[in-house]
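# Per-entry structural report
Residues per chain are reported as follows:
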Amino acid sequence: MRRRMIFKFGLTVIVLVAVFMFYIIHQQADQNEQERGATEGNQIIQNQSLKPKELTKEEKLRLAEKEKRGRIWRDSIHLSLVVCGDRGNESITLIKSAVLFTKSYIIIHIFAEEELHSALQYQLNSWPSLVRKKFEYHLYGIIYPDSNQEWKMLFKPCASQRLFIPSILTNVDSLLYVDTDILFLSPLEEIWFHFSRFNSTQLIALAPESEDRQTGWYNRFARHPYFGELGVNSGVMLMNLTRLRNSTWLSSIKNYYKEYKLKLTWGDQDLINVYFHFHPDELYVYPCEWNYRPDHCMYMSVCKGAERGGAYVLHGSRRAMHNDKQPAFKAVYLAFNAYSFQDEMKTSLLPLLLKNLEATAKTPCGTVRDVFSMRVAQFINHDVKYR
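All of the points below concern the structure found in this document. (Residues numbered from 1 in each chain as written. Predicted model: local features only at pLDDT ≥ 70, side-chain atom pairs only at ≥ 80, totals over all residues. Heavy atoms only, no water.)

## A word on the overall build of the protein
Counting its regular elements, the protein contains 15 helices and nine strands. Counting over 387 residues, the protein shows a buried share of 48%. Look at the contacts in the protein between residues 6 or more apart in sequence, and 75% of them connect residues 24 or more apart. Carbon and sulfur atoms make up 55% of the accessible area of the protein, which amounts to about 20,600 Å² in all. (Helix = DSSP H or I, 4+ residues; strand = E, 2+ residues; numbered from the N terminus. Buried < 20%, exposed > 50% of the residue type's maximum accessible area, 1.4 Å probe, protein only. Contact = heavy atoms within 4.5 Å. Areas by Shrake-Rupley, 256 points an atom, 1.4 Å probe, with all protein chains shown as cover.)

## Considerations on the packing of helix α3 (residues 88–101) against helix α4 (residues 117–125)
At a minimum axis separation of 10 Å, α3 and α4 run at an interaxial angle of 30°. Considering only the axes of α3 and α4, their crossing is right-handed. Each of G88, N89, S91, I92 and I95 in α3 lies in contact with α4, whose residues at this interface are L120, Q123 and L124. Looking at the contact of α3 with α4 residue by residue, the class counts come to four nonpolar, four polar and no charged. (Axes fitted to C-alpha atoms, helices over the stretch in contact; angles between N-to-C directions. Left-handed = near helix turned anticlockwise from the far one by under 90°. Nonpolar A, V, L, I, M, F, W, Y, C, P; charged D, E, K, R; others polar.)

## Describing the packing of α3 against helix α13 (residues 327–338)
In the contact formed by α3 and α13, the axes pass within 9 Å of each other and the chain directions differ by 75°. For the element pair α3 / α13, the angle class is roughly perpendicular. Contact residues: N89, E90, T93, K96, S97, L100 and F101 in α3; Y333, F336 and N337 in α13. (Parallel < 35°, antiparallel > 145°, perpendicular 65-115°, else oblique.)

## With respect to the pattern of salt bridges
According to the stated counting rule, one finds 14 salt bridges in the structure shown. A salt bridge links E90 to R87; the nearest nitrogen and oxygen atoms lie 2.9 Å apart. Under the relative-accessibility criterion, R87 is labelled buried at 12%. Residues E229 and R213 are paired through a salt bridge, measuring 3.8 Å at the closest nitrogen-oxygen approach. (Salt bridge = Lys/Arg side-chain N within 4 Å of Asp/Glu carboxyl O.)

## Quick look at α4
Of the positions making up α4, those classed as buried are H117, L120 and L124. The arc that holds every buried residue of α4, seen down its axis, measures 70°, which confines them to one face. Turned more than 90 degrees away from the buried face of α4, the exposed residues are S118 and Y122. The inward-facing, buried residues of α4 abut α3, β2 (106–112), α5 (129–132) and β3 (135–140). (Arc of directions from axis to C-beta.)

## Points about the pairing of strand β4 (residues 174–178)
Of all five residues in β4, five are buried; the element is thus mostly enclosed. Where burial is concerned, the two faces of β4 agree: the one with S174, L176 and V178 and the one with L175 and Y177 are both buried. As paired elements, strand β1 (residues 77–83) and β4 share two bridges and run parallel to each other. Counterpart to S80 in the pairing with β4 is Y177. Where β4 lies against strand β7 (residues 232–240), five bridges are found, and the strand directions are antiparallel. Across the sheet, residue Y177 finds its bridge partner in β7, namely M237. (Pairing = 2+ DSSP bridges.)

## Structural notes on the side chain of R293
With respect to the helices and strands, the residue R293 is situated in the loop between β8 (283–285) and α12 (304–309). You can call R293 buried: its relative accessible area is 0%. Looking at R293, its side chain comes within polar contact range of the main-chain oxygen of P208, at 3.3 Å. Looking at R293, its side chain comes within polar contact range of the main-chain oxygen of E209, at 2.4 Å. Those residues in contact with R293 that sit more than four places away from it in its chain are P208, E209, S210, N233, H315, S317 and F329. (Polar contact = N/O pair within 3.5 Å; in protein donor to acceptor, adjacent residues only side chain to side chain.)

## Observations regarding the state of the cysteines
In this structure the tally under the stated criterion is three disulfides. A disulfide bridge connects C288 with C303, and the sulfur atoms are separated by 2.0 Å. Linking C288 and C303, the disulfide has an S-S dihedral of approximately 100° and is accordingly described as right-handed. With C288 in the loop between β8 and α12 and C303 in the loop between β8 and α12, this residue pair connects regions lying 15 residues apart in the sequence. Among the residues examined, C288 registers a relative accessible area of 5% and is labelled buried. Look at the protein and number its bonded cysteines as they come in the sequence; the links are 1-2, 3-5, 4-6. (Disulfide = S-S within 2.5 Å.)

## Looking at the packing of aromatic side chains
One pass over the full model with this rule turns up 26 aromatic pairs. Aromatic pair Y144 and F164: ring centres 5.9 Å apart, planes at 90°, arrangement edge-to-face. Separated by 20 residues along the polypeptide, Y144 in the loop between β3 and α6 (165–168) and F164 in the loop between β3 and α6 bring together distant segments of the chain. The exposure class assigned to F164 is buried, which follows from its relative accessible area of 1%. For the pair Y339 and F341, a centre-to-centre distance of 6.2 Å together with 75° between the ring planes defines the contact as edge-to-face. (Phe/Tyr/Trp six-rings, centres within 6.5 Å; stacked < 30°, edge-to-face > 60°.)

Here it is, written out as structure tokens:
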């Protein structure tokens, strides 16, 4: 009897323990399920919060416009010039020559004295809308490091501004800098193509200062180091601004100025020559037809490339576009200056250009006057007609 009672009691205890264990396990499972559900819920909420917000129609349009603007900025040809003193009208004619021949969109960066801004804006904004669609321009003041105005009068007023463009236009990768006494006789795409020929070390492209040792300036008169045998001219300068910013360009230019300032005749151009004397591997040299100047024809014709295929870029240095020392340069300038966008180049610009040049036939540069018209005639007669 006693054993039977003990057995029943033991069995009852076992059943109770089993029920209790089942209850505990079941409760733990419910709790785990609740926690898992809560975690999944939190993840859903979190994922919903991380999901990008749906843009409004206006926001999408603004984003698309921003992306389009970025592509235009990257893919355009960037042109830069510095305008001071009485160079305003000259710079407008320069820009006209660039716009006439170039198919690519042009972004023009104009550094100018504040008092010239309104006149430049007025003239550029007055051009026909069809022409204005081909380019945009940005006006800047004259900006020097530490506001040091000593740089401004280094040579021609404001010419040294070009030295500091890389540190000012920090959102521009590459550009073509030109003096204001320049006329383009061919599309900008053609000179821009030289960028594709740069090797990995080259920062800037320039043309030689001279083609002839007997008449060269640097080899006869310079009192400072200069590039190569005859030096380089800085009036037409392709600049890879990204590479320049990553080089010793700016600090070196400042140091060379301190060292050679009393020996500089041509100011910033001399400093550029000093720099490339010590860094020759950083310079790409293109031939004289990309920077054709009076020096190439005033004594005898020394630019053989221009004789064969014409000048691509005309540089009226020493005010040759305005005086009568080398009338062929003035003849070209007057033709471009007189041209109206409402007229066709084939019936207006080209005939006037040829007529003006014919009148210079007995002058030194006039004897090779085809140099001044060859590229223009080829463009107008064989490539496109401007309307």
